[in-house]
Amino acid sequence: MSSTRAAPRSGAIISVLAAAGITVSLMQTLIVPLIATLPTLLHTTPANAFWAITATLLAGAVAMPVSGRLGDLYGKRRVMIASALLLAIGSFVCAPADSLLPMVIGRALQGLGMGVIPLGIAIMRDVLPPQRLGAAIGLMSSSLGVGGALGLPAAALVAQYVSWHALFWAAAGLGLLMTVLIFLIVPESPVKSPGRFDFVGAAGLSAGLVLLLLPISKGSDWGWTSGITLSMFAAAAVILLLWGWWELRVPAPLIDLRTSVRRQVLMTNLASIVIGFAMYAMSLITPQLLQLPAATGYGLGQSMVQAGLWMAPAGLVMMATSPVAARLSAARGPKTSLLLGTLVIASGYLLSLALMGYAWGVLIFSAVVSAGIGFAYAAMPSIIMGAVPRTETAAANGLNSLMRAIGTSCASAVLGAVLANMTVKLGPVTLPSEAGFRAGFLIGAGVALVAALIVLTIPGRRAATAQPAGAPADLDHEVRTR
């Protein structure tokens, strides 16, 4: 391929992969406008309706590392097409649903599409020219936050003015469109890993993740010291320990734990958990603050649609910061971008304490937090890929994406408990208090600073994200920072 033809081709690949990532992330916020009415729509109880949200979380957590390994073994594009198709099928199952079971099944299938993002990052590393790679990876990595921010107002508008069924019909159409575009435009990666798929490892990791994330998600309902919660945590610990023992002994593991415990990979993944917490804190707290009645004295009295529109610019800011982060990473190394991102996130949360009384203030501090997340999300895959062989890129990025998902689950549990316990009465209704929101913002700032401390422990090396496809995996993937 000539250089004159390569640039347009690269642009099309980047556009399709980023659009696929945004489409997948839309599934996370698709159901948010329906949360209050789901029990009525599905003719079930509020506790049971929550499974329509939990199913996507659990399926996505399992899908990211598993689909990454499948992509390394059998072709990243092939597995990415399958993931997009599962998302479309899940949406088709949800669209006509009027009861809980088909909705939960469909939402689980949608969650299986979450593997698209780590697979897309891995494909970019393998097929894009060096000069396009940094910005492209940043855009793909940040698509999770971009889709979430833009999806909320769009979903609210459709649900309010058309029909909630239309949300899922539209999602099905987007899933099919992405499947076709990936098939037509995205090339298969030439890099594959030898070996067989570790079915025992996949089953063990899946069981361990479900037993870990389910009580994190439902602990506030079940009780954190209840028998079922503690039993699931204990079972998760046992199964994950046995899974780790197995992975260290099988010739072709699902996840290479020896690579994963390298300090560069381990500390980046730990930072990913904390940054995922910080990202979701904004998504959880801000919509509630915007929509609380103004009669509380601190609520901003916005509708769901209005709240989504006030938050939408944050997604655009996240997208805009990706190329800036890529240039900074190229000049100073991705560790610098990641550290800067954590500090910007912390400053945004601290800024919120002064601006939370105004809708325009929410727009400003959420944009600052999102800018920091954009820097962080653009940097983390670069650091990971600088420390793993090319044949393990998709699996390593899948594990990193899983770490972010664990962080978001922990944020939901912790901040949900904070807001549920720091309340005020408005007539017969119990609402989160102003002190609860301030505590949530302070927690967000605190975890961002913890992430900064973790980043400081990452070795002072710069991942060579611009390494051409086919270059040796372990000889030229890192250089010292200046």
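Each value, and the rule that gives it
- Residues numbered from 1 in each chain as written.
- Predicted model: local features only at pLDDT ≥ 70, side-chain atom pairs only at ≥ 80, totals over all residues.
- Heavy atoms only, no water.
- Salt bridge = Lys/Arg side-chain N within 4 Å of Asp/Glu carboxyl O.
- Buried < 20%, exposed > 50% of the residue type's maximum accessible area, 1.4 Å probe, protein only.
- Helix = DSSP H or I, 4+ residues; strand = E, 2+ residues; numbered from the N terminus.
- Expected span 1.5 Å × (residues − 1).
- Axes fitted to C-alpha atoms, helices over the stretch in contact; angles between N-to-C directions.
- Parallel < 35°, antiparallel > 145°, perpendicular 65-115°, else oblique.
- Left-handed = near helix turned anticlockwise from the far one by under 90°.
- Contact = heavy atoms within 4.5 Å.
- Nonpolar A, V, L, I, M, F, W, Y, C, P; charged D, E, K, R; others polar.
- Patch = residues over 30% accessible without salt bridge, like charges linked within 9 Å, V, L, I, M, F, W, Y side chains within 5 Å.
- Areas by Shrake-Rupley, 256 points an atom, 1.4 Å probe, with all protein chains shown as cover.
- 1 Å grid on protein atoms, 1.4 Å probe; cavity = no way out; pocket = protein on both sides within 12 Å on 5 of 7 lines; lining within 4 Å.
- Points joined across faces, edges and corners; volume = space filled by probe spheres on them.
- Pairing = 2+ DSSP bridges.
- pLDDT = per-residue confidence, 0-100.
- Phe/Tyr/Trp six-rings, centres within 6.5 Å; stacked < 30°, edge-to-face > 60°.
- Core = buried A, V, L, I, M, F, W, Y, C linked by side-chain atoms within 4.5 Å.

A. Representation of the pattern of salt bridges. Overall, the coordinates contain 3 salt bridges when judged by the stated rule. We note a salt bridge from Asp72 to Lys76, for which the minimum N-O separation is 3.7 Å. Pair check on accessibility: Asp72 and Lys76 agree, each one buried. Residues Glu434 and Arg438 are paired through a salt bridge, measuring 3.4 Å at the closest nitrogen-oxygen approach. Residue Glu434 and its partner Arg438 are located together in helix α18 (residues 434-456), separated by 4 residues, close to a single helical turn. Ionic contacts of the salt-bridge type, sharing partners, join the residues Asp72, Lys76 and Asp126 into one network.

B. Highlighting helix α6 (residues 100-111). For α6, spanning 12 residues, the distance from its first C-alpha to its last is 16 Å, which sits close to the expected 16 Å at 1.5 Å a residue. Leu100, Met103, Gly106, Arg107, Leu109, Gln110 and Gly111 are the residues of α6 that are buried.

C. Structural context of the packing of helix α13 (residues 263-291) against α18. Relative orientation of the contacting elements α13 and α18 amounts to 160°, with a least axis distance of 9 Å. The angle between the axes of α13 and α18 places the two elements in the roughly antiparallel class. In this structure, the crossing between α13 and α18 has a hand that is left-handed. Residues Met267, Leu270, Ala271, Val274, Ile275, Phe277, Ala278, Ile285, Thr286, Gln288 and Leu289 of α13 pack against Phe437, Gly440, Phe441, Ile443, Gly444, Val447, Val450, Ala451, Ile454 and Val455 of α18. A class-by-class count of the residues in the contact of α13 with α18 yields 17 nonpolar, 4 polar and no charged.

D. Fine view of a nonpolar patch on the surface. Taken together, the side chains of Leu85, Ile89, Phe92, Trp169 and Leu176 define a hydrophobic patch exposed on the protein surface, amounting to about 430 Å² of accessible area. Top element by residues in the nonpolar patch is helix α5 (residues 76-94). It accounts for 3 residues. Topologically, Trp169 is positioned in helix α9 (residues 164-185). On the basis of relative accessible area, Trp169 is assigned to the partly exposed category, the value being 44%.

E. Here's a closer look at helix α15 (residues 334-355). Here α15 contains 22 residues, and its C-alpha end-to-end distance of 31 Å stays within 8% of the 32 Å for a straight helix at 1.5 Å per residue. Within the sequence span of α15, burial applies to Pro334, Lys335, Ser337, Leu338, Gly341, Thr342, Ile345, Ala346, Gly348, Tyr349, Ser352 and Leu355.

F. Summary view of the packing of α15 against helix α16 (residues 359-385). Packing of α15 against α16 brings their axes to within 7 Å, and their N-to-C directions diverge by 165°. Judged by the angle between their axes, α15 and α16 are roughly antiparallel. Regarding α15 and α16, the two cross each other, and that crossing is left-handed. Considered class by class, the residues forming the contact of α15 with α16 number 21 nonpolar, 8 polar and 1 charged.

G. Structural context of the layout of surface pockets. Each pocket or cavity is described by its volume, and for the second largest pocket that value is around 370 Å³. Among the elements of the structure, α10 (199-222), α11 (227-247), α12 (257-260), α13 and α17 (393-421) are those that each provide at least two residues to the lining of the second largest pocket. In terms of residue class, the lining of the second largest pocket is built from 15 nonpolar, 2 polar and no charged.

H. Inspection of the pairing of strand β2 (residues 429-432) at higher detail. Looking at chain direction, strand β1 (residues 423-426) and β2 are connected through 4 bridges and run antiparallel. Within β2, the position partnered with Lys425 by the bridge is Thr430. Count of turn residues in the β1/β2 antiparallel hairpin: 2 residues, of which Gly427 carries a positive phi of about 65°.

I. The arrangement of unusual backbone geometry in detail. Phi at His43 takes a positive value of approximately 55°, unusual for a residue other than glycine. The residue His43 is located in the loop between α2 (38-42) and α3 (46-49) in this model. The class for His43 is exposed, based on a relative accessible area of 65%.

J. Fine view of the confidence of the model for the protein chain. Model confidence for the protein chain is summarised by a mean pLDDT of 84, while 93% of its residues fall at 70 or above. Under a pLDDT of 50 for its full length, residues 1-8 has, in the predicted model, 3 contacts with residues more than four places off or in other chains. Confidence drops under a pLDDT of 50 for residues 462-482, and excluding neighbours within four residues, the segment shows 53 contacts in the predicted structure.

K. Focus on the packing of aromatic side chains. Here the structure, examined in full by the defined rule, presents 7 aromatic pairs. Ring geometry for Phe197 against Phe199: centres 4.9 Å apart, planes inclined by 80°, an arrangement best described as edge-to-face. Residue classification places Phe197 among the buried positions, given a relative accessible area of 11%. With 6.3 Å between their ring centres and 40° between their planes, Tyr349 and Phe441 make a pair best called tilted. Highlighted residues: Tyr349 in helix α15 and Phe441 in helix α18, separated in sequence by 92 residues.

L. Summary view of the nonpolar core. One finds Leu17, Met80, Met103, Met124, Met140, Phe168 and Ile182 to be the most contacted residues of the largest nonpolar core, which totals 51 residues. The greatest single-element share of this core, amounting to 8 residues, is contributed by helix α1 (residues 3-29). Apart from residues lying up to four places away in sequence, Met140 is in contact with Leu17, Ala18, Gly21, Met80, Val116, Ile117, Gly120, Ile121 and Met124. Among the nonpolar cores identified, the runner-up in size contains 50 residues, and Phe277, Tyr298, Val369 and Ala451 belong to it.

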